[in-house]
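Structural overview
Chain residues, written in single-letter form:
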Amino acid sequence: MFDHLKLLRCFSFTASRDWLFKQSFFNAGLRSVTTDLSHDNPLSSTSMHCWIPKSPNRSKPNLLLLHGFGANAMWQYGEHLRAFMGQFNVYVPDLLFFGLSSTTEPNRSESFQAQCLMRLMEAHGVERTSIVGISYGGFVGYSLAAQFPEKVEKIVLCCAGVCLEEKDMEDGLFKVPNLEEATGILIPQTPEKLKELIRFSFVKPIKGVPSFFLWDFIDVMCMEYVEEKRDLIKSILKDRRLSDLPRIKQKSLIIWGEEDQIFPLELGYRLKRHIGDNAEIVVIKKAGHAVNLEKSKEFLKHLKSFLIDSL
């Protein structure tokens, strides 16, 4: 395996594609900044990386794009970024333990992620923002909207199982039998597990990908902060009850892939019922959990309709 990794670092398709995404983000008018958030606590270290506008226009509204597990934020939003640059100051952070963001704090909750994000936005002079959150990013975005309602204007929650409960795993709602199996797939360490993740994420997954490319992706995207990421997933599920989840008041759009096998569509309808009249739900047919990639144009159409057309 390690011979594989040495070879991959010499020529990596994943790293090359990542470099192209970085160039596209630079060319779109963003710059890469890492911010130290630990100045008020000398006993711990927290820093968050974020793509921020090179020249923010304070007369424009702000838009915060939050990624999920899997490929990094650039890969998850690269196809959609330019559609929003003209109307918004766009911010694309790495959540803690992804990309260049990390903390020595032991807290692994989405609530803590949201608090760190708020400090990051304040550090960049962002007083109010709309949010798009994909999967795990939706958990963090929802928490941000609940904790800081005056700071969040609108929110889009894409395939984010915010309304799941711990007992859902025991009740058989998910395709995987237990949490260990889920973390093994969501943080793949072997080509076999990555193939499972692809099968769970797409209605029509790419088949026949050589192990060379799968190892390459794992080496670049999945080898850092493995235990910390497992703890993030465990924190999502532990003692989770719908009755404890606050109802957000912001205007909300829920987008779901009809055939999502990671967070089944039932969780989207549950989220709509929980938020109530302030939420609308859009179900995209022939799409799975990676609806932002599998049905990119349709996903973008709904984002623009909700975020831009009402400006």
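Residues numbered from 1 in each chain as written. Predicted model: local features only at pLDDT ≥ 70, side-chain atom pairs only at ≥ 80, totals over all residues. Heavy atoms only, no water.

1. What to know about the packing of aromatic side chains
Put simply, the rule reads: Aromatic pairing here means that ring centres of Phe, Tyr or Trp (its six-membered ring) are within 6.5 Å. Orientation follows from the plane angle: under 30 degrees is stacked, over 60 is edge-to-face, and everything else is tilted. Every helix listed is a DSSP run of H or I at least four residues long, and every strand listed is a run of E at least two residues long, numbered separately from the N terminus. A simple rule labels every residue: compare its accessible area, found with a 1.4 Å probe on the protein chains alone, to the largest value its type can have, and call it buried under 20%, exposed over 50%, or partly exposed in between.
Inspection of every chain in the model, using the stated rule, returns 14 aromatic pairs. Note on phenylalanine 26 and tryptophan 51: the rings are 5.1 Å apart at their centroids and 80° apart in plane angle, and the pair reads as edge-to-face. With phenylalanine 26 in helix H2 (residues 13–27) and tryptophan 51 in strand S2 (residues 46–53), this residue pair connects regions lying 25 residues apart in the sequence. Its relative accessible area of 32% is what places phenylalanine 26 among the partly exposed residues. Judged by relative accessible area, which is 4%, tryptophan 51 ranks as buried. With a centroid separation of 5.7 Å and 50° between ring planes, the pair formed by phenylalanine 139 and phenylalanine 263 is classed as tilted.

2. Examining H2
Filter applied, for reference: Any helix carries an expected span of 1.5 Å times its number of residues minus one. Note that the arc is computed from the directions linking the helix axis to the C-beta atoms. Under this definition, polar contacts are N or O atom pairs within 3.5 Å; protein pairs additionally need one hydrogen-donor-capable and one acceptor-capable atom, and for neighbouring residues in sequence, both atoms have to be side-chain atoms.
For H2, which comprises 15 residues, the first-to-last C-alpha distance of 21 Å matches the rise-based estimate of 21 Å (1.5 Å per residue) to within 8%. Turning to H2, its buried residues number three or more, namely Thr14, Asp18, Phe21 and Phe25. Seen along its axis, H2 keeps its buried residues to an arc of 60°; they face one direction. Facing away from the buried side of H2, by more than 90 degrees, are the exposed residues Trp19, Leu20 and Asn27. Sitting at the amino-terminal end of H2 is serine 12, which places a side-chain oxygen 3.4 Å from the backbone nitrogen of threonine 14. Where H2 terminates, the next one or two residues include glycine 29, which has phi positive at roughly 105°.

3. Things to note about the UniProt feature "domain: AB hydrolase-1" (unreviewed entry) in the protein
To keep it simple, the criterion reads: UniProt positions are given in the numbering used here, feature names are shortened, and annotations may be inferred rather than shown by experiment.
Mapped onto the present numbering, the UniProt feature "domain: AB hydrolase-1" (unreviewed entry) falls at residues 61–164. With 34% helix and 24% strand, residues 61–164 has its two end C-alpha atoms placed 31 Å apart.

4. Notes on the side chain of glutamine 113
This is how the line gets drawn: Should any heavy atoms of two residues lie within 4.5 Å, those residues are considered in contact.
Among the structural elements, glutamine 113 can be located in helix H5 (residues 110–123). Those residues in contact with glutamine 113 that sit more than four places away from it in its chain are Leu95, Leu96, Tyr136, Val140 and Leu232.

5. Topic: the side chain of arginine 108
The following threshold applies: Residues counted as positive are Lys and Arg, residues counted as negative are Asp and Glu, and His and the chain ends are not counted. The working definition used for a salt bridge is a side-chain nitrogen of Lys or Arg within 4 Å of a carboxyl oxygen of Asp or Glu.
With respect to the helices and strands, the residue arginine 108 is situated in the loop between strand S5 (102–103) and H5. Here arginine 108 occupies a buried position and makes no salt bridge, while the nearest side chain of opposite charge, aspartate 231, is found at 4.3 Å. Within the local environment of arginine 108, its side chain forms a polar contact with the backbone oxygen of glutamate 105, the two atoms lying 2.6 Å apart. Once residues within four sequence positions are removed from consideration, arginine 108 is found in contact with Phe97, Thr103, Tyr136, Glu228, Asp231, Leu232 and Ser235.

6. Digging into unusual backbone geometry
Outside of glycine, negative phi angles account for most residues, and trans bonds account for most peptide bonds. Backbone geometry at tyrosine 225 places phi at a positive 55°, although glycine is not the residue there. Relative to the assigned elements, tyrosine 225 resides in the loop between helix H10 (211–221) and helix H11 (226–237). For tyrosine 225, a relative accessible area of 30% corresponds to the partly exposed category. Here the phi dihedral of lysine 286 falls at roughly 55°; this positive angle occurs in a residue that is not glycine. One can find lysine 286 in the loop between strand S9 (279–284) and helix H13 (291–294). Given a relative accessible area of 60%, lysine 286 falls into the exposed group.

7. Some thoughts on the environment of serine 243
Mapped onto the elements of the fold, serine 243 is located in the loop between H11 and strand S8 (251–257). When its relative accessible area of 64% is taken as the criterion, serine 243 is described as exposed. Along the backbone, serine 243 and histidine 274 are 31 residues apart, and their C-alpha atoms lie at a distance of 9.6 Å.

8. Comments concerning the packing of H5 against helix H6 (residues 136–147)
What counts is decided by this rule: Only the stretch in contact is used when a helix axis is fitted, and all axes are lines through C-alpha atoms; the angle between N-to-C directions ranges over 0 to 180 degrees. Convention used here: angles under 35 degrees read as roughly parallel, angles over 145 as roughly antiparallel, angles from 65 to 115 as roughly perpendicular, and any remaining angle as oblique. Crossing handedness is read from the near helix: turned anticlockwise from the far helix by less than a right angle, it gives a left-handed crossing, and turned clockwise, a right-handed one. Any residue that is not Ala, Val, Leu, Ile, Met, Phe, Trp, Tyr, Cys, Pro, Asp, Glu, Lys or Arg is counted as polar, Gly included; the first ten are nonpolar and the last four charged.
The interhelical angle for the contact between H5 and H6, taken along N-to-C directions, is 70°, at an axis separation of 8 Å. As summarised for this structure, H5 and H6 are arranged roughly perpendicular, according to the angle between their axes. Classified by chirality, the crossing of H6 by H5 is right-handed. Every residue of H6 that contacts H5 at Glu110, Ser111, Gln113, Ala114, Gln115, Leu117 and Met118 is listed here: Tyr136, Phe139, Val140, Ser143, Leu144 and Gln147. Among the residues making up the contact of H5 with H6, the classes are represented as 7 nonpolar, 5 polar and 1 charged.

9. Overview of the nonpolar core
Note the cut-off: Residues belong to a common nonpolar core when they are buried Ala, Val, Leu, Ile, Met, Phe, Trp, Tyr or Cys residues joined through side-chain atoms within 4.5 Å.
Counting residues in each nonpolar core, the largest one holds 102 residues, and the members touching the most others are Val92 and Leu307. The greatest single-element share of this core, amounting to 7 residues, is contributed by H5. Apart from residues no more than four positions distant in its own chain, leucine 307 is found in contact with Leu63, Phe84, Phe88, Ser130, Val132, Lys154 and Val156.

10. Considerations on empty space enclosed by the protein
Definition in use: Cavities and pockets were defined on a 1 Å grid built over protein atoms only: a cavity is a set of grid points that admits a 1.4 Å probe from which the probe cannot escape, a pocket is an open set flanked by protein on both sides within 12 Å along at least five of seven lines, and lining residues are those with an atom within 4 Å of any such point. Grid points are joined across faces, edges and corners, and a volume is the space filled by probe spheres set on the points.
Counted according to the given criterion, the structure contains 2 cavities of 30 Å³ or more. Here the largest cavity is characterised by a volume of approximately 50 Å³. Together, Phe69, Gly70, Phe98, Leu186, Ile187, Pro188, Met221, Cys222 and Lys229 line the largest cavity. Across the lining of the largest cavity, the residue classes tally to 7 nonpolar, 1 polar and 1 charged. Counted as a void, the second largest cavity has a volume near 30 Å³. Lining the second largest cavity are Leu96, Phe97, Asn107, Arg108, Ser109, Phe112, Gln113 and Leu232. Of the residues belonging to the lining of the second largest cavity, the class tally is 4 nonpolar, 3 polar and 1 charged.

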